Every structure is written in structure tokens, then in C-alpha cells.
Amino acid sequence: MELVATWFDTAQLAVIDETEPNYDRLRLSTDQFPLRLATGQQPPQFDVYASHRGVLAEDDRPIPLRHRQQEMFDELVGLTGSSLTHGDAAEVCAALAAAPGALDELVTAHGLVAPDGLPR
């Protein structure tokens, strides 16, 4: 799977940690979670942000990451039949910001959440 990596300094990480109250920053070892950069380098460790709630899943299988937020919102409409995530991604994000618990309630009600399997 191809992902985007970003290098933050300590002060930047502190800001991100503060703005992500629903996530834990976890340090993972590439011995247990293999990671290879496009340059071919394999760092000894890396950090990820893991949701307190788990991952979006269907039948307890994680739903693969999407390249665009819009694709995930569209898939959620198909899985739930709800209009909550229907529409342009920017508009959906604004609506979700105004109703902080709505998305969590929707995916929980439809059984679309599973543990992430990451060590805590």
C-alpha cells in the first residue's frame, strides 16, 4: 500500500497531538510493521495516529484506504443508506464538524467499526 509520510519536529508533533483528541500517536517498529520508503530506506520506527474507536470495517474486515475522502464518504452512503455523508466532501466535513458524534453513531449503528489491531 502506498502512503504519504511526513517528518515533523517535536514542536510540530505536539501541535498535532493536541489537535487530534480522538487519536493516540503510536510508535511502531518496522520489525513488526514493515515499512519501506520510496527511496528504498527502511526506518527503524515510525509513528501513526490510531483512532480510539477502531477502523471502518465491513464484516470485521477493514475497509481499504481511499485516495480521496470523497470516495470514503460515497462508500459510507452505499453501506448505510444515510444522507449524512452524501454530497461534496467539503460540505460533508462541515456538516460533520457541526454534529461531532453523528458519524460515530452512524458507523456504530451499522456495525462498521472493528479494532485496529495495533499495540497500545
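Above this text is the structure in question.
These notes cover the structure that comes with them. (Residues numbered from 1 in each chain as written. Predicted model: local features only at pLDDT ≥ 70, side-chain atom pairs only at ≥ 80, totals over all residues. Heavy atoms only, no water.)

1. Considering the environment of Ser51
Our working definition: For the purposes of this entry, the term helix denotes a DSSP run of H or I that reaches at least four residues, the term strand denotes a run of E that reaches at least two, and both are numbered from the N terminus. The classification of residues rests on relative accessible area computed with a 1.4 Å probe and restricted to protein chains. Under 20% of the type maximum is buried, over 50% is exposed, and intermediate values are partly exposed. It only takes one pair of heavy atoms within 4.5 Å for two residues to be counted as in contact. Think of a polar contact as two N or O atoms within 3.5 Å of one another; within protein, one of them needs to be a possible hydrogen donor and the other a possible acceptor, and neighboring residues in sequence only count if both atoms come from side chains.
Locating Ser51 in the fold gives a position in strand β2 (residues 45–51). Accessibility expressed as a relative area gives 14% for Ser51, which makes it buried. On a C-alpha basis, the gap between Ser51 and Arg25 in space is 9.0 Å, while along the polypeptide they are 26 residues apart. Not counting the four nearest positions on each side in its chain, Ser51 is found in contact with Asn22, Tyr23, Asp116 and Arg120. Engagement of the side chain of Ser51 in a polar contact is seen with the backbone nitrogen of Arg53, the distance being 3.0 Å.

2. Looking at a nonpolar patch on the surface
This is how the line gets drawn: Here, patches come from residues exposed beyond 30% relative accessible area and free of salt bridges, joined within 9 Å for like charges and within 5 Å for nonpolar side chains (Val, Leu, Ile, Met, Phe, Trp, Tyr). Working definition of accessibility: Shrake-Rupley area with a 1.4 Å probe, residue cover restricted to the visible protein chains. Here, a salt bridge means any Lys or Arg side-chain nitrogen found within 4 Å of an Asp or Glu carboxyl oxygen.
Taken together, the side chains of Met1, Leu3 and Leu65 present a nonpolar region at the surface, about 420 Å² in accessible area. Summarising the element assignment, Leu3 is placed in the segment before α1 (10–19). Overall, Leu3 belongs to the exposed group, its relative accessible area being 57%.

3. With respect to the environment of Val15
Looking at where Val15 falls in the secondary structure, it is placed in helix α1. Considering only alpha carbons, one finds Val15 and Gly111, 96 residues apart in sequence, at a separation of 32 Å.

4. Focus: the side chain of Gln70
Mapped onto the elements, Gln70 comes out in helix α2 (residues 69–80). Apart from the residues lying within four places of it in its own chain, the contact partners of Gln70 are Gly87, Asp88 and Ala89.

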